[in-house]
Structure formats: structure tokens, C-alpha cells
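Fold and geometry: a report
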Amino acid sequence: TVLIWGSTWFAIEFQLGVVEPEVSIVYRYILAAAILFLYCFIRRLPMTFNLKSHLWFVFLGLFLFCLNYVFTYSAQIHITSALAAIIFSMMVWMNIILSRIVFGTRVGRSIIFGAVLGICGVFVLFYPQVGEVSLSDGVLYGLLLASLGAFSASCGNIVSQAAQQRALPVMQANAWGMLYGAILTGIIAIVQGHRFTFDATFTYITSLGYLAVFGSVVAFGAYLTLLGRIGAHRAGYATVMFPVVALILSILFEGLALSAAIVLGTSLVLTGNWLVLRERE
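To start, this report covers the structure provided alongside it.

Rules used in this analysis
- Residues numbered from 1 in each chain as written.
- Predicted model: local features only at pLDDT ≥ 70, side-chain atom pairs only at ≥ 80, totals over all residues.
- Heavy atoms only, no water.
- Helix = DSSP H or I, 4+ residues; strand = E, 2+ residues; numbered from the N terminus.
- Buried < 20%, exposed > 50% of the residue type's maximum accessible area, 1.4 Å probe, protein only.
- Contact = heavy atoms within 4.5 Å.
- Areas by Shrake-Rupley, 256 points an atom, 1.4 Å probe, with all protein chains shown as cover.
- Disulfide = S-S within 2.5 Å.
- Polar contact = N/O pair within 3.5 Å; in protein donor to acceptor, adjacent residues only side chain to side chain.

We now examine the overall build of the protein. The helix and strand inventory of the protein stands at 12 helices and zero strands. For the protein, the sequential pattern of α-helices and β-strands runs α-α-α-α-α-α-α-α-α-α-α-α. For the protein, the C-alpha atoms occupy an extent of roughly 55 × 45 × 35 Å along the three principal directions. For the protein, the residues scored as buried account for 52% of the 281 residues in total. When contacts within the protein are restricted to residue pairs at least 6 apart in sequence, those whose partners lie at least 24 apart make up 90%. Here the protein displays about 13,100 Å² of accessible surface, and carbon together with sulfur accounts for 70% of that area.

Following this line, the structure appears as C-alpha cells:
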């Protein structure tokens, strides 16, 4: 999950520009849903569910595969991927709070302290880039959109955990959820008056394929399975780990110089991860 989603911040950048963000999201999740339905068909997994189950799938699609990405893609038009990653890492706190409200989950000191260390680490990692940003109206608007995206994703996490507690299978739930998410996003795009254009460039097509197959089908399957096993309050820490992977990729492929801030920030994030995962239920 962390390895894949840590790289999707770059892939999303190639989706912006020619095609409207909402339209790109529709393409991404129509493709991802088609792959999952085909997988379920080949594996002969049951795909018929009652109306109540489909309501769970609709909410999963709305929060996790629709609003989450509508806000996140739109945010990256106004702010850098570094700022978006920092804001999105706050989802770890949102998951902790919502888990407490919805499931009554008690969170120990290790998780709280680990989350604090993780957020501090992410800020240290990106401080050089954040320090150069001026808080213009566009940046503030982008920060608001990123915050709404993180909150929507957190709500989707809670919906998925609740659905799994009701014995709804992850793969089928993702297939239906992604389909509903694509439909809902398509409705939003139509209401906004967006045209369903397509960017037939190599970078757009390959980034779309990567986001659909790995960023959606594989990563969400892994993450939501993890969430069902250890709970949203701990699985959410994965969002704090994403920026570390993003920076490692920048060092390897974009010539980013290794600095004291990167070493310190990564150390804080990894220490926080150890504290979050070591606490027993």
C-alpha cells in the first residue's frame, strides 16, 4: 500500500492539465471497476448482494472513490504535491477521532505519540518546500480542498471497516464501490459542465493505467484488507508513510539531494510507525 500510493502523487500530476480532474477520475475508476469485475468473474466470486449491502457500496464509492479524489485532484491544481501530502497525512488523526466516535475504539499512548511523531516527520521532510510557499488565496483554497479530500477518505475508511464487520467481502465491495464512485463523479462532472475529453498522450495514458491498476485495484485491495485487520485508527498511519516513499523516488529518479531534513523527517516517520503498530489491542 505504502509503496504504491507513495508514487501516485507523481502520477496524478500527469493527469492534470488537458482533461478535467473529475473526468480523469471517472476514467480511472471505470477502468479499475472493470478490472475488478473481470477478476471476480474469473474467480467465480459472488457479485449479487441485497439492497442494504448496495447502500454500503454507494457510501464507500461516494467517500473513498468520488469525493476523496475530486477534492484531492482539484487541490493539486492550486498547491504542490508536497503540501497535498502533508495535509493528507492528517488523515491519521481523522481516523483516530472517527474510530473513537463510531466504534468506541480506545487509543493508547503509543498510537497518539506515534501519530504526533509521524506528522512532525512529514512537516520536517517538506519544510524546505513549504517555507517557500506564500499563503495566497489560491494556496489557501488548495489547502481547504486537500483537507476535505482527507476527511472524505477518512469517512470512507470508517465505512469500509463497518462493512467488513458486516461480512461484506473487500474485493466485491471495491468493485461495486468503484463503479458507484465513477458514476457519482460522472454526475458531478456533468453538473459542472465538463466535457468528457481525452488526452491521447503517452504520459496521460500510462499514468491513468498505473493509477487504475496499481493505485486503485491493488493498493485499495491491500489497504482495506489491512484496515479490516488492524482498524482504521492504525491503518491510517499509512498516509504518513506515503511522503517518505515519494521523496525516496525523487532521490532515485529526479536527482533530489539527500539532506539532514530528509534523514530526520524519515527517522521520525519510521519511529512513529513502529509506535503505532507495536501497541496491542
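What follows covers the state of the cysteines. Disulfides are covalent bonds that connect the sulfur atoms of two cysteines. All chains considered together, the criterion is met by zero disulfides. The thiol sulfur of Cys 155 is not disulfide-bonded, and the nearest other cysteine sulfur, from Cys 66, lies at 13 Å. Overall, Cys 155 belongs to the buried group, its relative accessible area being 15%.

Attention now moves to the environment of Arg 28. Its location among the elements puts Arg 28 in helix H2 (residues 21-42). Judged by relative accessible area, Arg 28 falls into the buried class, the value being 1%. In the structure, Arg 28 is positioned 82 residues away from Ser 110 in sequence and 37 Å away in space, judged by C-alpha atoms. Not counting residues within four places of it along the chain, the set of residues in contact with Arg 28 comprises Tyr 69, Tyr 73, Leu 208, Leu 211, Ala 212, Gly 215 and Ser 216. Within the local environment of Arg 28, its side chain forms a polar contact with the backbone oxygen of Leu 211, the two atoms lying 3.3 Å apart.

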